[in-house]
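Spelled out, the chains give:
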Amino acid sequence: MTSESLDSARIIGAGEFAALMMPLGSWPPDMEAAPVGLAVSGGADSMALAFLARRWRRNVVAFVVDHGLRPASASEACLTVGRLKQMGIKAHLLKLPPFARGRIQERAREARFAALEDACVTEGCLDLLIAHHAADQEETVWMRSLRASGPAGLSGIKAVSIRGRIRIVRPLLSLSPQRLRTTLRAGGLPWLEDPSNTNRRFERVRWRQDLTPPQRQQAAFLQAGAVKERLCLEARLAADLACYVTWYPEGWVSLERDGVCEESLSALLRLVSGGSYRPSREAVHQLIKQGHGTLLGVRMRPAGRFGNGVILFREERAVSGPVRVRAGAVWDGRWRLLGADYPQGSEIAALGDAASRSDRQRRDIPAAVLRTLPGIWHDGRLISCPHFGNGPEVAGFVWAVGVPVTGENPQIV
């Protein structure tokens, strides 16, 4: 029997899993008011995670998302909820609304995370465990290497990242999928097989089936080197941002002339836009060369009275349209409403021309920034604006962008 076969035959013990979890903390006390969340699809990987997590601590809660992308998804989700409850795990079924046409996989991923985040907040979970494992990591790094990704991409999936209001934790990244299945078999626990996991129409499936052991070893080698390089780059970027950048609570920044470079500008564009992806290097270089312009829905222009470099702020034409007022509603991917005590039918929308009512000179905020801030509107009338100005009452908004200014957020949820 080969060493690989011996490894796949080993079950994952409670002590081994606890050792994996320890460096990923700090963890809240094991109490009902602060459970740890679990994202469970019903497949072998997530069911193994649920089994291991329930042995690790008593208070966990699982969230099963019915994405509605296949006819059987609803019955499979209900079956998974039942299996989790038989394992002594509290479980909730989350049903996603229908998706608009186009970019189905991307829309499903975004909707799934939004539902998981809301569910975690409702249940009091600070952390959400996700079951990506060693093979997922190898496939991710290999695919990114084929696209000539830099250190950030080749670093692969992070074990811990911040997404919105919760931490995403992936404790299984060092474990093979074979060991996860061995552990389930030893416990007599069933799982579902998603047919999309064998559909070679998807690039990941093709690599999952075709990657050879030497290629997987090479991917692990590439990742180890990229992580070291990325940490050095992030430390340098953090130092530059601390030295040259001023962040304003209204969601705009000033960047001193000496700090204008590709890395700083890319990070700030993503921060101000609220987007998950960095702009292309070519586009950033062109923006630096011009000294002004728009990228990722963010305008850059000379700072003028605001400094000796440039300022970056949300472009008015790029902001989202109105959204219905509800507690925790997020507008334009950047602002979260606190509370919802407004007349029925109220909406969150940009201040636009109504920004002229605010005392801009006292606040010393660019007029273009004010126009892109959120307000509460009812029947075409501004009834509440964000923590400044005259006239309407004050609305409570907080910055809701879940993307760190340094570090990459893996787009795998």
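Definitions and limits used
Residues numbered from 1 in each chain as written. Predicted model: local features only at pLDDT ≥ 70, side-chain atom pairs only at ≥ 80, totals over all residues. Heavy atoms only, no water. UniProt positions renumbered as here; feature names shortened; annotations may be inferred. Domains from an automatic or database assignment. Contact = heavy atoms within 4.5 Å. Buried area = accessible area lost by both parts, 1.4 Å probe. Salt bridge = Lys/Arg side-chain N within 4 Å of Asp/Glu carboxyl O. Polar contact = N/O pair within 3.5 Å; in protein donor to acceptor, adjacent residues only side chain to side chain. Helix = DSSP H or I, 4+ residues; strand = E, 2+ residues; numbered from the N terminus. Nonpolar A, V, L, I, M, F, W, Y, C, P; charged D, E, K, R; others polar. Expected span 1.5 Å × (residues − 1). Buried < 20%, exposed > 50% of the residue type's maximum accessible area, 1.4 Å probe, protein only. Arc of directions from axis to C-beta. Core = buried A, V, L, I, M, F, W, Y, C linked by side-chain atoms within 4.5 Å.

As named in an unreviewed UniProt entry, the protein chain is tRNA(Ile)-lysidine synthase, taken from Gluconobacter kanchanaburiensis NBRC 103587. Checking UniProt for the protein chain, the heading Sequence similarities (unreviewed entry) contains the comment "Belongs to the tRNA(Ile)-lysidine synthase family." The Subcellular location (unreviewed entry) field of the UniProt record for the protein chain holds the comment "Cytoplasm".

Asker: In this structure, what is going on with the domain arrangement of the protein chain? I would like to understand it.
Answerer: The figure often quoted for interface size is the accessible area lost as the parts come together. Along its sequence, the protein chain is organised into domain 1 (3–211), domain 2 (223–316) and domain 3 (321–399). Using C-alpha coordinates to define each centre, domain 2 is positioned 26 Å away from domain 3. Listed by partner, the interface residues are 18 residues for domain 2 and 16 residues for domain 3. Interface area for domain 2 against domain 3, summed over the two sides, is near 1,400 Å², with a carbon-plus-sulfur share of 57%. Looking only at domain 2, the three residues that lose the most surface to domain 3 are Glu250, Arg314 and Glu316, adding up to 43% of its buried area. Where domain 2 touches domain 3, the interface holds 3 salt bridges. Linking Arg305 and Asp364 is a salt bridge whose minimum nitrogen-to-oxygen distance equals 2.5 Å. At the boundary of domain 2 with domain 3, the tally comes to 3 residue pairs in polar contact (both at pLDDT 80 or more). Of all the secondary structure elements, the ones that give two or more residues to the side of domain 2 that touches domain 3 are α11 (262–273), β10 (298–302) and β11 (310–314). Class assignment for the residues of the side of domain 2 that touches domain 3 results in 8 nonpolar, 3 polar and 7 charged.

Asker: Whenever I open this one, helix α4 (residues 73–86) confuses me. Can you help?
Answerer: Along an α-helix, residues three or four positions apart point the same way, because every turn accommodates 3.6 residues. For α4, with 14 residues, the first-to-last C-alpha span of 20 Å sits near the 20 Å given by 1.5 Å per residue. Looking at α4, one finds that the buried residues are Ser73, Glu76, Ala77, Thr80, Val81, Arg83 and Leu84. Axial view of α4: buried residues confined to an arc of 165°, hence all on one face. Exposed residues lying more than 90 degrees from the buried face of α4 are Ser75, Lys85 and Gln86. If you follow the buried residues of α4, they end up packed against α3 (44–56), β2 (60–66) and β3 (90–95). Just downstream of α4, Gly88 is the residue with a positive phi angle, here 80°.

Asker: What am I meant to see in the nonpolar core here?
Answerer: Within soluble globular proteins, side chains that are nonpolar generally end up buried alongside one another. In terms of nonpolar packing, the biggest core is built from 31 residues, with Leu38, Val40, Leu84, Leu129 and Leu172 touching the most fellow members. Of all elements in the fold, only α2 (14–21), β1 (36–39), α3, β2, α4 and α8 (177–186) reach the threshold of two or more residues within this core. With 8 residues, α3 is the largest single contributor of residues to this core. When residues no more than four places from it in sequence are discounted, the contact partners of Leu129 are Met21, Trp27, Val36, Gly37, Leu38, Ala39, Leu49, Ala53 and Val169. In this structure, Tyr342, Leu370, Leu382 and Cys385 belong to the second largest nonpolar core, which totals 27 residues.

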